[in-house]
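Spelled out, the chains give:
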Amino acid sequence: QVQLVESGGALVQAGGSLRLSCAASGFTFDDYAIGWFRQAPGKEREGVSCISASDGAVDYANSVKGRFTISRDKAKNTVYLQMNNLKPDDTAVYYCAAQGGISIGTMWCPLAGHNYDYWGQGTQVTVST
């Protein structure tokens, strides 16, 4: 059964850094695209970043370009989101999501959440002023 578990969320000061982890199990990891999403109180869910199956493509929301980096460690079945120069507006619950398998192609990397079938429980990121 597909399972995704996020970790790494914390309280951090503005300008600081965090690395979120999305640990996956129950599927052929490299055949799935992985997305990071976030939702702040009173706001709609926002696509933050994605990485395609076989790491053929990545994408980022304009609000995080140049600050966040997504990567995949195949040996650990884990996708990371390195977040640098954090801002108070980055405060949200961060979720990872997965969609696959091989039929999606190696360049498929949408930032719209409805494209993903499997979701983790989320991890809280709070950036203080």
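Remarks on the state of the cysteines
Thinking step 1. On inspection of all chains with the given rule, the structure shows two disulfides.
Thinking step 2. Paired by a disulfide, Cys22 and Cys96 hold their sulfur atoms 2.1 Å apart. Here Cys22 and Cys96 share a disulfide; its torsion about the S-S bond, 70°, makes the bridge right-handed. Here Cys96 lies in strand E9 (residues 92-99) and Cys22 lies in strand E3 (residues 18-25), a separation of 74 residues in the sequence.
Thinking step 3. Note on Cys22: relative accessible area 1%, which makes it buried.
Thinking step 4. The side chain of Cys50 participates in a disulfide bridge whose partner is Cys109; the two sulfur atoms lie 2.2 Å from each other. Handedness here is read from the sign of the S-S torsion; for Cys50 and Cys109, about 115°, the answer is right-handed. With a gap of 59 residues between them, Cys50 in strand E5 (residues 46-51) and Cys109 in the loop between E9 and strand E10 (118-119) connect regions that are remote in the sequence.
Thinking step 5. Overall, Cys109 belongs to the buried group, its relative accessible area being 13%.

Some remarks on the side chain of Ser49
Thinking step 1. Tracing the sequence through the fold places Ser49 in strand E5.
Thinking step 2. You can call Ser49 buried: its relative accessible area is 0%.
Thinking step 3. Here Asp59 takes part through its backbone oxygen, which lies 2.9 Å from a polar atom of the side chain of Ser49.
Thinking step 4. Residue contacts for Ser49: discarding those within four places in its chain leaves Ile34, Gly35, Trp36, Asp59, Tyr60, Ile70, Leu81 and Leu111.

Some points on the nonpolar core
Thinking step 1. Trp36, Phe68, Val79, Leu81, Met83 and Tyr94 are the most contacted members of the largest nonpolar core, which has 29 residues in total.
Thinking step 2. Listed by contribution, the elements that provide at least two residues to this core are E3, strand E4 (33-39), E5, strand E7 (68-73), strand E8 (78-83), E9 and strand E11 (123-128).
Thinking step 3. Apart from residues no more than four positions distant in its own chain, Tyr94 is found in contact with Glu6, Leu20, Trp36, Phe37, Arg38, Val48, Phe68, Leu81, Met83, Gly122, Thr123 and Val125.
Thinking step 4. Listed in part, the nine residues of the second largest apolar core include Cys50, Ala53, Cys109 and Tyr116.

Focus: the pattern of salt bridges
Thinking step 1. In the structure shown here, the tally under the stated rule is five salt bridges.
Thinking step 2. Note that Arg38 and Asp90 form a salt bridge whose closest N and O atoms lie 2.9 Å from each other. One end of the pair, Arg38, is in strand E4; the other, Asp90, is in the loop between E8 and E9, with 52 residues separating them in the sequence.
Thinking step 3. With a relative accessible area of 7%, Arg38 lands in the buried category.
Thinking step 4. Overall, the relative accessible area of 1% leaves Asp90 in the buried class.
Thinking step 5. One salt bridge connects Arg67 with Asp90, and the closest N-O pair in it is separated by 2.8 Å. Of this pair, Arg67 sits in the loop between strand E6 (58-60) and E7 while Asp90 sits in the loop between E8 and E9, and the two are 23 residues apart along the sequence.
Thinking step 6. The buried category is assigned to Arg67, whose relative accessible area is 9%.
Thinking step 7. Connected through salt bridges with shared partners, the residues Arg38, Glu46, Arg67 and Asp90 form a single ionic network.

Cut-offs applied
- Residues numbered from 1 in each chain as written.
- Predicted model: local features only at pLDDT ≥ 70, side-chain atom pairs only at ≥ 80, totals over all residues.
- Heavy atoms only, no water.
- Disulfide = S-S within 2.5 Å.
- Helix = DSSP H or I, 4+ residues; strand = E, 2+ residues; numbered from the N terminus.
- Buried < 20%, exposed > 50% of the residue type's maximum accessible area, 1.4 Å probe, protein only.
- Polar contact = N/O pair within 3.5 Å; in protein donor to acceptor, adjacent residues only side chain to side chain.
- Contact = heavy atoms within 4.5 Å.
- Core = buried A, V, L, I, M, F, W, Y, C linked by side-chain atoms within 4.5 Å.
- Salt bridge = Lys/Arg side-chain N within 4 Å of Asp/Glu carboxyl O.

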